[in-house]
Amino acid sequence: MEKFVVETENHNFKRFNPRSLLRRYEGNPVLRPEEWPYPVNAVFNPGAVQFDGETLLLVRVEDLRGFSHLTVARSRDGKKGWRIDPEPTLIPDERYQEEQWGLEDPRIVWLEDREEYAITYVSFSKGGPVVSLMTTRDFLSFRRFGALLPPEDKDASLFPCRFNGRYALIHRPIIRGEAHIWLSLSPDLVHWGHHRILIPVRPGWWDCHRVGLGPPPIKTDEGWLVIYHGVRLTASGALYRVGLALLDLDEPWKIINRSDEWVFSPSERYEQVGDVPGVTFPTGAIVDEKINQVRIYYGAADSTVALTIGDLRALLEYVKSSSRVQPAYP
Ligand code: BMA
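Procedures and definitions
- Residues numbered from 1 in each chain as written.
- Predicted model: local features only at pLDDT ≥ 70, side-chain atom pairs only at ≥ 80, totals over all residues.
- Heavy atoms only, no water.
- Helix = DSSP H or I, 4+ residues; strand = E, 2+ residues; numbered from the N terminus.
- Rg over C-alpha atoms; globule rule 2.2 N^0.38 Å.
- Buried < 20%, exposed > 50% of the residue type's maximum accessible area, 1.4 Å probe, protein only.
- Areas by Shrake-Rupley, 256 points an atom, 1.4 Å probe, with all protein chains shown as cover.
- Near = heavy atom within 4 Å.
- Polar contact = N/O pair within 3.5 Å; in protein donor to acceptor, adjacent residues only side chain to side chain.
- Contact = heavy atoms within 4.5 Å.
- Salt bridge = Lys/Arg side-chain N within 4 Å of Asp/Glu carboxyl O.
- Pairing = 2+ DSSP bridges.
- Phe/Tyr/Trp six-rings, centres within 6.5 Å; stacked < 30°, edge-to-face > 60°.
- Lys NZ or Arg CZ within 6 Å of the ring centre and 35° of its normal.
- Arc of directions from axis to C-beta.
- Axes fitted to C-alpha atoms, helices over the stretch in contact; angles between N-to-C directions.

Before going further, it helps to spend a moment on the overall build of the chain. Secondary structure summary: the chain contains 2 helices and 22 strands in total. Relative to the globule expectation of 20 Å for 330 residues, the C-alpha radius of gyration of the chain, 18 Å, shows essentially globular dimensions. In terms of overall dimensions, the chain has C-alpha extents of about 55 × 45 × 45 Å along its principal axes. Counting over 330 residues, the chain shows a buried share of 58%. Per element, the accessible surface of the chain, about 14,600 Å² overall, is 49% carbon and sulfur.

Printed below as a string of structure tokens:
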């Protein structure tokens, strides 16, 4: 395996502040557990799509037993006026043992060839977290595919299209205690292979202990824009910050650039105070192509849903100006 080499010299300290790329919505947090139609502990880490002309969030909801389920919330502008389903949309299905302790952190993409949405989510049970898949057309009825790969695995999304006939999945298994982002391929969404490391942790850096995909990869003229979280463990707990990477458009297992710096990190009170302080955990992104804007929905301190907004062009320019990287696992 080729070693992942990063240049730590030649860092240009005069460059502009990458944390100015994303601007928090002034009405944050956009969803809070107090607003839920039934008693819950926390609402966070939502999947996001534009559906029927509205923003639809599939929100991870932690109940008062500590188990999570998923509930739909809708808003016309994706910022305010949220309408939350009166009851959970998706709860564990007892026929799927791996879901026994709950459903977590969904990512949603529109699968072009199947003309349906794919929801990849984390199923949790005694066996450990696994990535499961379900599909839907209307967010009313869902078809479960079950677990895709063995535990321990999280932070997964499909790409919206196939590559040479193969579906591609980004995910984050833990192997030998290492938590890198991987990419796997499948002809049928059932059998998976060609597993390879896509974005490894960087020893010593802000993303040294764990990395994981954020929202589904975003297709642009320049490549697939990946928003990912990186974790550094500190004396007072884990810090979850956000970085960027760019993948080749036709061969997304090839990483072109990766941001040296994080572009988003916990700073506001609602990100610092909550069940897990110091967490910004993006899981949903919606692109408004007319104005080239991306709205990124994230879990704040594992307690609320918050929104940060950026200019897609500026994010791309920034990541393109970042380190070009060699594949970790060619
Ligand atoms: C990760 C996931 C997320 C969570 C984050 C911070 O491992 O389990 O669901 O938001 O930790 O606690």
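Still more ground to cover, so stick around.
Moving on, we come to the site of the ligand. Near the ligand you find Asn-45, Arg-60, Asp-105, Lys-154, Tyr-240, Val-276, Val-279, Phe-281 and Asp-302, and these make up its full shell. Within the side chain of Asn-45, one N or O atom sits 2.9 Å away from an oxygen atom of the ligand. Residue Arg-60 places a side-chain N or O atom 2.7 Å away from an oxygen atom belonging to the ligand. Surface burial for the ligand is 85%, taken as the share of its 300 Å² of free accessible area covered by protein chains.

Attention shifts here to the environment of Glu-152. Relative to the helices and strands, Glu-152 is located in the loop between strand S9 (142-147) and strand S10 (153-158). By relative accessible area, which is 36% here, Glu-152 ends up partly exposed. With sequence-adjacent residues up to four places away left out, Glu-152 is seen in contact with Pro-129, Arg-172, Pro-173 and Ile-174.

With that settled, consider the pattern of salt bridges. The full count for this structure, using the stated rule, is 24 salt bridges. With a shortest N-O distance of 2.8 Å, Arg-65 and Asp-63 are connected by a salt bridge. When the shortest N-O distance is used, the salt bridge between Asp-85 and Arg-74 registers 3.5 Å. A residue pair is termed long-range when its members are at least 10 positions apart, and Asp-85 in the loop between strand S5 (83-84) and strand S6 (102-111) and Arg-74 in strand S4 (residues 68-75) qualify at 11 residues. If you follow the salt bridges from partner to partner, you end up with Glu-222, Arg-313, Glu-317 and Lys-320 in one network.

To continue, consider the environment of Asp-250. Examined against the element boundaries, Asp-250 turns out to sit in the loop between strand S17 (237-247) and strand S18 (255-258). Distance from Asp-250 to Phe-163, taken between C-alpha atoms, is 6.9 Å for residues 87 residues apart in sequence.

Another point: the pairing of S9. Pairing between strand S8 (residues 130-136) and S9: 5 bridges, direction antiparallel. The residue bridging Ser-132 from the neighbouring strand is Ala-147, located in S9. Between S8 and S9, which pair antiparallel in sequence order, lie 5 residues; one of them, Phe-139, sits at a positive phi of approximately 60°.

Scanning all chains against the criterion turns up 15 aromatic pairs. Joined through ring pairs, the aromatic side chains of Phe-51, Trp-110, Tyr-117, Phe-139 and Phe-142 make up one cluster. A cation over an aromatic ring shows up here: Arg-202 above the ring of Trp-205, its NZ or CZ 4.5 Å from the ring centre.

Let us look at helix H2 (residues 312-320). Residues of H2 that are buried: Leu-312, Leu-315, Leu-316, Tyr-318 and Val-319. Down the axis of H2, the smallest arc covering the buried residues is 160°, so these residues share one side. Backbone nitrogen of Arg-313 and a side-chain oxygen of the N-cap are separated by 3.2 Å at the start of H2; the cap is Asp-311.

Right, let's talk about the sheet that holds strand S12 (residues 181-186) for a bit. An order of S10-S11-S12-S13 is seen for the 4 strands of this open sheet, with the pairing classed as antiparallel. The open sheet is flanked by S10 and strand S13 (193-199), the only strands paired with a single partner. Neighbour to neighbour, the strand axes of the sheet diverge by 25° on average, direction disregarded. With 4 bridges connecting them, S10 and strand S11 (residues 167-173) associate as antiparallel partners. Paired with Ser-157 across the bridge in S11 is Ile-170.

All right, on to the pairing of strand S21 (residues 304-311) then. If a strand is regular, its side chains alternate between the two faces of the sheet. For S21, a buried count of 7 out of 8 residues is recorded, marking the element as mostly surrounded by other parts of the structure. Relative to S21, strand S1 (residues 22-24) runs antiparallel, the two sharing 3 bridges. When the sheet's bridge partners are listed, Arg-23 is paired in S21 with Ile-309. Two elements, strand S20 (residues 293-300) and S21, share 8 bridges in a ladder whose sense is antiparallel. Each bridged residue has a counterpart across the sheet, and for Tyr-297 the counterpart in S21 is Leu-307. With antiparallel pairing between neighbouring strands as the criterion, S20 and S21 make up a hairpin whose turn holds 3 residues, including Ala-301 at a positive phi of roughly 55°.

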